[in-house]
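Read off the chains here:
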Amino acid sequence: DKRGEIFFQGGQVFSAVFDQTEGEEAFLEMAAWKDCVYQFDPAERPASREIKTPTPQLLQIASMSLGT
């Protein structure tokens with residue numbers, strides 16, 4: 001019963017929040033989830049940009065941390 005949020009802007013990961021964690025650490029935590037339900041809400045906007053790493057590089061880091 002975990003809940004997190006990942007925000008996109010222009011097709012790029014812009015911000016992520018999970019529990020008390022924000023930014024890349026929150027994104028990588030959620031990327032490891034094997035079973036989840038997601039919902040897109042185009043009206044939601046993050047307060048600030050917390051993730052500066054380009055999305056392809058961020059996905060590569062997530063993939064490497066999962067051993068895939």
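Residues numbered from 1 in each chain as written. Predicted model: local features only at pLDDT ≥ 70, side-chain atom pairs only at ≥ 80, totals over all residues. Heavy atoms only, no water.

**Structural notes on the sheet that holds strand β1 (residues 4–9)**
- Overall, antiparallel pairing links the 3 strands, which are arranged β1-β2-β3 in an open sheet. A strand with exactly one partner marks an edge of an open sheet, and here the two such strands are β1 and β3 (21–22).
- The pairing of strand β2 (residues 12–18) with β3 spans 2 bridges and is classified as antiparallel. Each residue of the ladder has a partner; that of Val-17, found in β3, is Glu-22.
- Sitting on the sheet, helix α1 (residues 24–31) is in contact with β1, β2 and β3, with an inclination near 85° to β2. (Pairing = 2+ DSSP bridges. Helix = DSSP H or I, 4+ residues; strand = E, 2+ residues; numbered from the N terminus. Contact = heavy atoms within 4.5 Å. Axes fitted to C-alpha atoms, helices over the stretch in contact; angles between N-to-C directions.)

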